[in-house]
Amino acid sequence: ALRSSSPPDAARGVRKMQIVVAGEDSLGAATDPSISPDGTQIAYHCGGFVWIRNFDDLVPRRIAEATPEVSPFWSPDGAFLGFATIGRVWKVSAAGGEPTPICDAPHNFGGGGGASWGTDGKVVFTSGSGGIHEVAASGGDARELLPIDPTLEQDFHTPVALPDGKGVLAVQHRLRFGPDTILLIVGSERRDVLTLEGQNINSLAYSTTGHILYSRLPDNPGLWALPFSVESLAVTGEPFLVAPQSRAG
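Residues numbered from 1 in each chain as written. Predicted model: local features only at pLDDT ≥ 70, side-chain atom pairs only at ≥ 80, totals over all residues. Heavy atoms only, no water.

A. Local environment of the overall build of the protein chain. Helix and strand counts for the protein chain come out as 1 helix and 22 strands. When burial is assessed residue by residue, the protein chain has 48% of its 249 residues classed as buried. Long-range contacts, defined as pairs at least 24 residues apart, comprise 34% of the intrachain contacts of the protein chain with a sequence gap of at least 6. Approximately 11700 Å² of the protein chain is accessible, and the part contributed by carbon and sulfur atoms is 52%. (Helix = DSSP H or I, 4+ residues; strand = E, 2+ residues; numbered from the N terminus. Buried < 20%, exposed > 50% of the residue type's maximum accessible area, 1.4 Å probe, protein only. Contact = heavy atoms within 4.5 Å. Areas by Shrake-Rupley, 256 points an atom, 1.4 Å probe, with all protein chains shown as cover.)

Laid out in structure tokens, this is it:
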């Protein structure tokens, strides 16, 4: 499951690759791969660290210790990579250097945690056990963008910042139903985008082709696409299966 914040460039063509990590047998498997917006680098977790590898280089660079509950996330220009440790969100130059803290998180990150770096210069994140938070990518104090409603949900998962600050997508973990709903948050307003009763939506992404990408199981498991207009903030078609037994994110 490769994550990218921009559509593939036809001039670059399609690449098929296998990530080989030096010492992977002792470090563990590479997980949570995330492709840079220009398609030249990939970030991933392995052995308790976050790594970056340029596709023109066989040797990856170990960046810093990181928690696997939050997938690495790129700045829109690909100049920085975001990642998380227990209770803190960080950024680091993709060219190398010392990581810089963005903010402290109100809760330790757990399953369902995630973060996304928007084109408006804001980072949105969830810990997997509370509401959705927002902070300036330059650093500062996080503010709660959307608190949980204890009558409706347990928490939110994997937030995704839409282009130009037009809103945030997130998976709602509904009480008694599980993570089966995609929400759109615009300011303080929330809207249901899609509910799949009896299913689990376990990852989420937005493609500038005009689709919300998500994974579902147990029925018809795989990567699905939902046509969606950022201009009207509305669904424009029926969801369709893109790749069986695959996932977004």
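B. Spatial organisation of the nonpolar core. By size, the foremost hydrophobic cluster in this structure holds 19 residues, and its most contacted members are Leu169, Ile182, Val193, Leu204, Ile212 and Tyr214. Contributions of two or more residues to this core are made by strand 15 (168-174), strand 16 (178-186), strand 17 (189-195), strand 18 (200-207), strand 19 (211-217) and strand 20 (222-229). With near-sequence residues (within four places) excluded, Ile182 lies in contact with Leu169, Ala170, Arg191, Asp192, Val193, Leu194, Ile201, Leu204, Ile212 and Tyr214. Grouped together as the second largest cluster of nonpolar side chains are 14 residues, Val70, Ala105, Trp117 and Val135 included. (Core = buried A, V, L, I, M, F, W, Y, C linked by side-chain atoms within 4.5 Å.)

C. Highlighting the pairing of strand 4 (residues 49-54). The element strand 4 is extensively covered by neighbouring structure, given that 5 of its 6 residues are classed as buried. In terms of strand pairing, strand 3 (residues 41-46) meets strand 4 through 6 bridges, oriented antiparallel. Residue Tyr44 lies in a different strand from strand 4, and its bridge partner there is Trp51. What sits between the antiparallel neighbours strand 3 and strand 4 is a turn of 2 residues, in which Gly47 has the positive phi angle 60 degrees. Pairing of strand 4 with strand 5 (residues 61-65), which is carried by 4 bridges, proceeds in the antiparallel orientation. (Pairing = 2+ DSSP bridges.)

D. Structural detail: the environment of Ala64. Along the chain, Ala64 turns up in strand 5. Separated by 34 residues in the primary sequence, Ala64 and Glu98 place their C-alpha atoms 8.7 Å from one another. Leave out the neighbours within four places in its chain, and Ala64 touches Gly48, Phe49, Val50, Phe83 and Pro99.

E. Structural context of the pattern of salt bridges. For the structure on display, the rule yields 6 salt bridges. The partner of Glu134 in a salt bridge is Arg143, with the nearest N and O atoms 3.1 Å apart. For Glu189, the salt bridge goes to Arg191, with nearest N and O atoms at 3.1 Å. Judged by relative accessible area, Glu189 falls into the partly exposed class, the value being 41%. Among the ionic contacts, a cluster of salt bridges with common partners joins Lys122, Glu134 and Arg143. (Salt bridge = Lys/Arg side-chain N within 4 Å of Asp/Glu carboxyl O.)

F. Representation of the confidence of the model for the protein chain in the model. Confidence along the protein chain averages 89 in pLDDT terms, with 88% of residues attaining 70 or more. Of the regions scoring below 50 in pLDDT, residues 1-14 engages in 26 contacts with residues more than four places distant in sequence or in other chains. (pLDDT = per-residue confidence, 0-100.)

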